[in-house]
Amino acid sequence: MQFGPWDVQIVSGGTFRLDGGAMFGTVPKVVWNKLYPADEENQILMATNCLLIRGEVDGKKHVILVDNGNGDKESDDFMARFKFEGRGVLDANLARHGVKPGDITLCILTHLHFDHAGGSTRFGADGQPVPSFPNARYVVQAKDLADAKHPHLRVKASYLPQNWEPLEAAGLLDTVDGSTELLPGISVRPAPGHIEGLQNVVVEGGGRRLVYLADLIPTARHIQPAWVMGYDLDVVTCVNERQKLLDEVTGSGTVCVFEHDPDFPAGTVSRDAKGKYSVAPVQV
């Protein structure tokens, strides 16, 4: 899709699986399983729908990647536990669009959990993790980086230092505080609830608008505002932020990208007379 100077496409970083009960929190399985069937181990299929944004502004070409999936560094046991699709998936899918890792100029990270930032680094020739996109600046909210360095026990397992420490050591990791325009028509804004430092990404141009929701609303099947995850740290804040976002986008034609939905990666939101939300799929 085109948003002013920005060409936007969804690129998969690979699928994996998470426990369905954890993904739907207090929603009974008899309800969510009809919408999102679980396998024999109660796991549901999860996507890592990354955004590839390309455009030229003021004579300078930009190749931007929003989040980068689980990456390729984890052990075979770790990958088997979460049923990762495999290694090298993101690189292969970027290559289909004519993009090499060295072409990326900016990597926007919604947060530093391993399923969103795991592809930020890869093993170098010496077996140590190095930046995956050596010519890119990486951007994250300052609050999230602070939490990654001193994580609460509740989320410590999701913040893996090898995903961000090499970026900081290489001087490639930038932080922002709150809502920030990174480039004309591309901005980030806080979306707390899942974690305090989560940020959404907004792309605007040509009279069109896209919002990358990350873990605020991870799949189109989570579109009802009270259907939060067991992984969300602050449920009340999460529901409030979801409601605020839905009030903003419903009926507006805004394209919402659902990072973890393998079947409905993007769509527009509407609401019926009874107050129930629905998503109409959009091709990105």
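Definitions and cut-offs
- Residues numbered from 1 in each chain as written.
- Predicted model: local features only at pLDDT ≥ 70, side-chain atom pairs only at ≥ 80, totals over all residues.
- Heavy atoms only, no water.
- UniProt positions renumbered as here; feature names shortened; annotations may be inferred.
- Helix = DSSP H or I, 4+ residues; strand = E, 2+ residues; numbered from the N terminus.
- Core = buried A, V, L, I, M, F, W, Y, C linked by side-chain atoms within 4.5 Å.
- Buried < 20%, exposed > 50% of the residue type's maximum accessible area, 1.4 Å probe, protein only.
- Contact = heavy atoms within 4.5 Å.
- Arc of directions from axis to C-beta.
- Phe/Tyr/Trp six-rings, centres within 6.5 Å; stacked < 30°, edge-to-face > 60°.
- Lys NZ or Arg CZ within 6 Å of the ring centre and 35° of its normal.

Colleague: Describe the UniProt feature "domain: Metallo-beta-lactamase" (unreviewed entry) in the protein, with residues and values.
Modeller: With numbering aligned to this structure, UniProt lists the feature "domain: Metallo-beta-lactamase" (unreviewed entry) at residues 47-260. Between the end C-alpha atoms of residues 47-260 there is a gap of 4 Å, over a span that is 21% helix and 27% strand.

Colleague: Account for the nonpolar core, naming residues and giving values.
Modeller: In a soluble, globular protein the nonpolar side chains are often hidden away together inside. Of all hydrophobic cores here, the largest spans 43 residues; its most connected members are Leu94, Leu112, Phe133, Tyr138 and Ile217. With three residues, helix α8 (residues 235-249) is the largest single contributor of residues to this core. Residues in contact with Tyr138, not counting those within four places in the same chain, are Cys107, Leu109, Ser120, Pro131, Ser132, Phe133, Leu167, Leu172, Leu173 and Asp174. In this structure, Leu106, Ile108, Ile186 and Leu210 belong to the second largest nonpolar core, which totals 25 residues.

Colleague: How would you explain helix α6 (residues 142-149) if you had to name every residue and give the values?
Modeller: Buried within α6 are the following residues: Asp144, Leu145, Asp147 and Ala148. Looking down the long axis of α6, one finds its buried residues gathered within 160 degrees of arc, a one-sided arrangement. Contact partners of the buried residues in α6: β10 (137-141), α7 (165-169) and β11 (173-176).

Colleague: Please provide a residue-by-residue account of the packing of aromatic side chains, values included.
Modeller: Applying the stated rule across the entire model yields 10 aromatic pairs. A ring pair is formed by Phe78 and Phe84, whose centres lie 5.9 Å apart and whose planes are at 80 degrees; its orientation type is edge-to-face. Both residues of the pair, Phe78 and Phe84, belong to the buried class. One cation-aromatic arrangement involves Arg221 over Tyr36; the distance from NZ or CZ to the ring centre is 4.0 Å.

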